[in-house]
Amino acid sequence: MIILYELALICAGILLAINTLDKWDGSTQLFAKIADALKPFAAVIGGIALILGIWFLFRPFCTFRDIVAVLAGLALLGGTFENHPSLQKFFNKAAGVLNPYRVIIGLIALILGLLGLFNIAFIC
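In this text, all values refer to a predicted model and were calculated from it rather than measured experimentally.

Each value, and the rule that gives it
Residues numbered from 1 in each chain as written. Predicted model: local features only at pLDDT ≥ 70, side-chain atom pairs only at ≥ 80, totals over all residues. Heavy atoms only, no water. Axes fitted to C-alpha atoms, helices over the stretch in contact; angles between N-to-C directions. Helix = DSSP H or I, 4+ residues; strand = E, 2+ residues; numbered from the N terminus. Parallel < 35°, antiparallel > 145°, perpendicular 65-115°, else oblique. Left-handed = near helix turned anticlockwise from the far one by under 90°. Contact = heavy atoms within 4.5 Å. Nonpolar A, V, L, I, M, F, W, Y, C, P; charged D, E, K, R; others polar. Salt bridge = Lys/Arg side-chain N within 4 Å of Asp/Glu carboxyl O. Buried < 20%, exposed > 50% of the residue type's maximum accessible area, 1.4 Å probe, protein only. Patch = residues over 30% accessible without salt bridge, like charges linked within 9 Å, V, L, I, M, F, W, Y side chains within 5 Å. Areas by Shrake-Rupley, 256 points an atom, 1.4 Å probe, with all protein chains shown as cover.

Participant: Explanation requested: the packing of helix α1 (residues 2-16) against helix α7 (residues 102-117) in the structure shown.
Facilitator: Describing two packed helices takes the angle between their axes plus the distance from one axis to the other. Where α1 meets α7, the axes come as close as 7 Å, and the angle between the chain directions of the two elements is 150°. Taken as axis vectors, α1 and α7 run roughly antiparallel relative to one another. α7 is crossed by α1, and the crossing has left-handed handedness. For the pair α1 and α7, the contacting residues are Ile 3, Glu 6, Leu 7, Leu 9, Ile 10, Gly 13, Ile 14, Leu 15 and Leu 16 in the first and Arg 102, Val 103, Ile 105, Gly 106, Ala 109, Leu 110, Leu 112, Gly 113, Leu 114, Gly 116 and Leu 117 in the second. Classifying every residue of the contact of α1 with α7 gives 14 nonpolar, four polar and two charged.

Dropping the structure here:
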């Protein structure tokens, strides 16, 4: 389950920070291609990041990574749950508040996901 959590953080980071990553990438457009492949699954990735972030939130010394995962999940889930107006209103409001910070949340999620995938755990 930890690998799924790290992969969700990496994918959420790419989806949230695609504008900046695309500028850094140059002419290869690698991140743009990855983000285009991940866009249909943005709600699933956001849901996994949100649920596992809340699930692992109470681990000792890992709070920062889990808060970033929760924020990334909330930012990605904006515009979903069209059949449930109250849920849609909540997630749209949360995504609207987090929208100015999408790139920062995305870059932090990407870095934390890569560090966790390679088992470099100086934060957690």
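Participant: Would you take a moment to explain the pattern of salt bridges for this structure?
Facilitator: One pass over the structure, following the stated rule, counts three salt bridges. In this structure, the salt-bridge partner of Arg 59 is Asp 66, at a minimum N-O distance of 3.2 Å. Judged by its relative accessible area of 24%, Arg 59 is partly exposed.

Participant: Mind showing me how you'd approach a nonpolar patch on the surface here?
Facilitator: Together, Ile 3, Leu 7, Leu 114, Leu 117, Phe 118 and Ile 120 make up a nonpolar patch on the protein surface, roughly 560 Å² of accessible area in all. For the nonpolar patch, the elements supplying multiple residues, two or more each, are α1 and α7. By the element assignment, Phe 118 lies in the segment after α7.

These figures come from the coordinates and say nothing about function on their own.
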